Amino acid sequence: AQSVTQLDSQVPVFEEAPVELRCNYSSSVSVYLFWYVQYPNQGLQLLLKYLSGSTLVESINGFEAEFNKSQTSFHLRKPSVHISDTAEYFCAVSNTDKLIFGTGTRLQVFP
Amino acid sequence: DAGITQSPRHKVTETGTPVTLRCHQTENHRYMYWYRQDPGHGLRLIHYSYGVKDTDKGEVSDGYSVSRSKTEDFLLTLESATSSQTSVYFCAISAKGGVLSNEQFFGPGTRLTVL
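Treat the numbers as computed from the prediction; the structure is a model and nothing was measured.

Thresholds applied
Residues numbered from 1 in each chain as written. Chains lettered and ligands numbered in written order. Predicted model: local features only at pLDDT ≥ 70, side-chain atom pairs only at ≥ 80, totals over all residues. Heavy atoms only, no water. Helix = DSSP H or I, 4+ residues; strand = E, 2+ residues; numbered from the N terminus. Rg over C-alpha atoms; globule rule 2.2 N^0.38 Å. Buried < 20%, exposed > 50% of the residue type's maximum accessible area, 1.4 Å probe, protein only. Contact = heavy atoms within 4.5 Å. Areas by Shrake-Rupley, 256 points an atom, 1.4 Å probe, with all protein chains shown as cover. Lys, Arg positive; Asp, Glu negative; His and termini not counted. Charge placed at Lys NZ, Arg CZ, Asp CG, Glu CD. Core = buried A, V, L, I, M, F, W, Y, C linked by side-chain atoms within 4.5 Å. Salt bridge = Lys/Arg side-chain N within 4 Å of Asp/Glu carboxyl O. Phe/Tyr/Trp six-rings, centres within 6.5 Å; stacked < 30°, edge-to-face > 60°. Buried area = accessible area lost by both parts, 1.4 Å probe. Polar contact = N/O pair within 3.5 Å; in protein donor to acceptor, adjacent residues only side chain to side chain. Nonpolar A, V, L, I, M, F, W, Y, C, P; charged D, E, K, R; others polar.

A.B. asks: Help me out: how do you make sense of the overall build of chain A in this one?
C.D. replies: A tally of helices and strands in chain A yields zero helices and 12 strands. For chain A, the N- to C-terminal ordering of α and β elements is β-β-β-β-β-β-β-β-β-β-β-β. Relative to the compact-globule value of 13 Å for 111 residues, chain A shows a C-alpha radius of gyration of 13 Å, a close match. Principal-axis analysis of the C-alpha atoms places the extent of chain A at approximately 40 × 30 × 25 Å. Out of the 111 residues belonging to chain A, those deemed buried represent 46%. Long-range contacts, defined here as pairs at least 24 residues apart, represent 55% of the contacts in chain A between residues at least 6 apart. Looking at chain A as shown, the accessible area adds up to about 5500 Å², and 50% of this sits on carbon and sulfur atoms. Between the mean site of the 7 positive side-chain charges and the mean site of the 10 negative ones, chain A shows a separation of 8 Å.

What follows is the structure in structure tokens.
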């Protein structure tokens with residue numbers, strides 16, 4: 001069975017500092033991986049996804065994630081965060097008709 | 001933004017009462033999903049639908065039922081609400097449920113409190 005582990009439930013960071021949100025998955029088959037972001041009192045929005053091809057994927061707001069098959073990881077990074085990046089981030093792996101979500105990482109950016 | 005609405009957005013009810021949550025989409029997507037979100041658990045799938053009248057269970061389906069009589073509406077029913085069903089419920093839609101393009105779009109959520 002597929003599963004997703006987000007190792008950090010909370011990540012506090014100061015504005016303009018770099019950040020990495022960790023995600024590891026387990027799967028016996030080819031995987032397709034996603035990062036979703038949830039701003040306070042809102043639904044989830046797709047941030048980026050890996051389906052195939054280049055292992056480095058980027059979002060429009062400066063986040064990037066790298067698919068690492070040997071380490072079964074899909075960590076999310078940003079070189080310089082903003083206050084507006086404060087949100088909860090969910091990693092997910094696709095399983096036929098369904099997505100399996102991690103438990104989420106709350107990113108708190110301080111001024 | 002994908003056209004997904006959920007109603008009601010907030011509801012407070014008492015233990016033992018029936019509750020129905022509605023998800024409505026204007027995208028004509030085939031797949032629809034109901035999740036619940038709880039602290040420390042992330043999102044957990046309750047039920048999903050892969051077409052009109054075609055539904056299947058997720059990982060936390062006990063105590064919930066669903067119906068989909070037309071493409072645009074997916075109803076989640078709690079036959080007899082319990083306090084453990086206090087949660088935020090999200091609906092999601094997807095054009096394709098298959099692995100290659102299983103991007104899901106989420107509604108704004110319904111906050112349900114069972115007293």
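Don't stop here, the text continues.
A.B. asks: What should I look at first to understand the nonpolar core in this one?
C.D. replies: Counting 27 residues, the largest nonpolar core has A:Trp35, A:Leu47, A:Leu48, A:Phe74, A:Leu76 and A:Tyr89 as the members making the most contacts within it. Listed by contribution, the elements that provide at least two residues to this core are β2 (10–14), β3 (19–21), β5 (33–38), β6 (44–50), β8 (64–68), β9 (73–78), β10 (87–95) and β12 (105–110) of chain A. The element that contributes the greatest number of residues to this core is β10(A), accounting for four residues. Leave out the neighbours within four places in its chain, and A:Tyr89 touches A:Gln6, A:Leu21, A:Trp35, A:Tyr36, A:Val37, A:Leu47, A:Phe63, A:Leu76, A:Gly104, A:Thr105 and A:Leu107. The next biggest cluster of nonpolar side chains, apart from the first, holds 19 residues, and it includes B:Cys23, B:Tyr64, B:Phe74 and B:Cys91.

A.B. asks: Looking at this structure, I do not really get the pattern of salt bridges. What am I missing?
C.D. replies: For the structure shown, the criterion picks out nine salt bridges over all chains. Here A:Lys49 and B:Glu103 are joined by a salt bridge, their closest N and O atoms 2.9 Å apart. Separated into two different chains, A:Lys49 in strand β6 and B:Glu103 in the loop between β9 (87–94) and β10 (105–106) make up a pair that spans both. Assessed through its relative accessible area of 31%, A:Lys49 is described here as partly exposed. The buried category is assigned to B:Glu103, whose relative accessible area is 18%. B:Asp73 is the partner of B:Arg22 in a salt bridge, and the nearest nitrogen-oxygen pair spans 3.1 Å. Residue B:Arg22 is located in strand β3 (residues 19–25), and its partner B:Asp73 is located in strand β8 (residues 73–78); the two are separated by 51 residues in the primary sequence. Residue class for B:Arg22 comes out partly exposed when judged on its relative accessible area of 34%. What emerges from the salt-bridge pattern is a single network uniting B:Arg22, B:Lys70 and B:Asp73.

A.B. asks: Sorry, what's going on with the packing of aromatic side chains here?
C.D. replies: Aromatic ring pairs are described here by two measures, namely the spacing of the ring centres and the angle between the planes. Within this structure, the stated rule accounts for 15 aromatic pairs over all chains. Taking the centre distance of 6.2 Å and the plane angle of 25 degrees together, the rings of A:Tyr25 and A:Phe67 count as stacked. Of the two residues, A:Tyr25 sits in strand β4 (residues 24–26) while A:Phe67 sits in strand β8, which places them 42 residues apart along the sequence. The same class applies to A:Tyr25 as to A:Phe67, namely buried. Ring centres of B:Tyr33 and B:Tyr48 lie 5.9 Å apart, and the angle between their planes is 15 degrees; on these two criteria the pair is classed as stacked. Of this pair, B:Tyr33 sits in strand β4 (residues 31–38) while B:Tyr48 sits in strand β5 (residues 42–51), and the two are 15 residues apart along the sequence. Each residue in the set A:Phe34, A:Tyr36, A:Phe101, B:Tyr31, B:Tyr33, B:Tyr35, B:Tyr48, B:Tyr50 and B:Phe106 is aromatic and connected to the rest through ring pairs, giving one cluster.

A.B. asks: Please clarify how the interface of chain B and chain A should be interpreted in this entry.
C.D. replies: Size of an interface: often given as the accessible area lost when the parts come together. The partner chain A presents 22 residues to the 22 residues of chain B that form the contact. Of the roughly 1700 Å² buried at the junction of chain B and chain A (both faces included), carbon and sulfur atoms supply 55%. Where chain B meets chain A, there are one salt bridge. Linking chain B with chain A are three residue pairs in polar contact (both at pLDDT 80 or more). Sorting the residues of the side of chain B that touches chain A by element identifies β4 and β5 of chain B as the ones contributing at least two each. Taken together, the residues of the side of chain B that touches chain A break down into 11 nonpolar, nine polar and two charged.

In short, geometric facts, not functional conclusions.
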